[in-house]
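For reference, the chains in residue letters:
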Amino acid sequence: MTRYAAFLRGVNVKGTTMKMADVAAAFTGAGFTNVKTVLASGNVLLDSGAAAKTVRTKAEAALRDAFGYDAWVLVYDVDTVRKVADDYPFEAEVEGQQSYVTFVSDTKVLDELAALADDAGPDEKITRGDGVLYWQVPKNSTLDSTIGKTMGNKRYKSSTTTRNLRTLAKVVK
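On a predicted model such as this, the values are computed, not experimentally measured, just so you know.

Overview of the pairing of strand 8 (residues 160–164)
Of all five residues that make up strand 8, four are buried, and the element is covered over most of its length. Here strand 5 (residues 97–104) runs beside strand 8; their pairing, made up of five bridges, is antiparallel. Along strand 8, the bridge assignment pairs Y100 with N164.

Okay, structure coming up:
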């Protein structure tokens, strides 16, 4: 059995609302064990003997069946998530800054997003990691940032999801 973190995209924002207890029940009903949700932003810990790709497919199907929405889930083993968080390249707890990690399942999309570092403003830091994009922006400017504006693009929905560093710390705890 592998311990996985499943990150749901777009949960409890823009009209897609669900109780985490119901999400946990859907995952348990899909055959996952030791299911636990972390915060209300779509972070699920679970155990499975299947590969991450299979977990993703089953999780997306379970959410579509249970909640009737076009679900996108990115799945990583917990050790990978821990390494991603540990490798955060910027000073993590800077007053007035938000520290984020965008998980990206498509290499071409990651290439596109990483290239945005050239267009970032002076207060936005962007760098590529292993399968992720690390970024940091001033508080209250996330949606107006280079990455924030780009992430709203429909073509990125199925292959990206963003978490702040504090959330990742809670997931891997």
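Focus on the packing of helix 1 (residues 20–29) against helix 2 (residues 52–67)
Relative orientation of the contacting elements helix 1 and helix 2 amounts to 125 degrees, with a least axis distance of 9 Å. Here helix 1 is positioned oblique relative to helix 2, judged by the angle of their axes. Judged by the sense of rotation from one axis to the other, the crossing of helix 1 with helix 2 is right-handed. Residues D22, V23, A26 and F27 of helix 1 touch helix 2, and the partners they reach there are A59, A62, L63, A66 and F67. A per-class count over the contact of helix 1 with helix 2 returns eight nonpolar, no polar and one charged.

Re the packing of helix 3 (residues 78–86) against helix 6 (residues 165–172)
Contact geometry for helix 3 and helix 6: axes closest at 10 Å, N-to-C directions at 145 degrees. Judged by the sense of rotation from one axis to the other, the crossing of helix 3 with helix 6 is left-handed. Here V78, V81, R82 and A85 of helix 3 come into contact with helix 6, specifically with L165, L168, V171 and V172. Taken together, the residues that form the contact of helix 3 with helix 6 break down as seven nonpolar, no polar and one charged.

Some words on a positive patch on the surface
A cluster of basic residues, K36, K139, R166, K170 and K173, forms a positive patch at the surface. With respect to the helices and strands, K139 occurs in the loop between strand 7 (132–138) and helix 5 (146–151). We classify K139 as partly exposed; its relative accessible area is 42%.

Cut-offs used in this document
Residues numbered from 1 in each chain as written. Predicted model: local features only at pLDDT ≥ 70, side-chain atom pairs only at ≥ 80, totals over all residues. Heavy atoms only, no water. Buried < 20%, exposed > 50% of the residue type's maximum accessible area, 1.4 Å probe, protein only. Helix = DSSP H or I, 4+ residues; strand = E, 2+ residues; numbered from the N terminus. Pairing = 2+ DSSP bridges. Axes fitted to C-alpha atoms, helices over the stretch in contact; angles between N-to-C directions. Parallel < 35°, antiparallel > 145°, perpendicular 65-115°, else oblique. Left-handed = near helix turned anticlockwise from the far one by under 90°. Contact = heavy atoms within 4.5 Å. Nonpolar A, V, L, I, M, F, W, Y, C, P; charged D, E, K, R; others polar. Patch = residues over 30% accessible without salt bridge, like charges linked within 9 Å, V, L, I, M, F, W, Y side chains within 5 Å. Areas by Shrake-Rupley, 256 points an atom, 1.4 Å probe, with all protein chains shown as cover. Salt bridge = Lys/Arg side-chain N within 4 Å of Asp/Glu carboxyl O. Lys, Arg positive; Asp, Glu negative; His and termini not counted. Charge placed at Lys NZ, Arg CZ, Asp CG, Glu CD.

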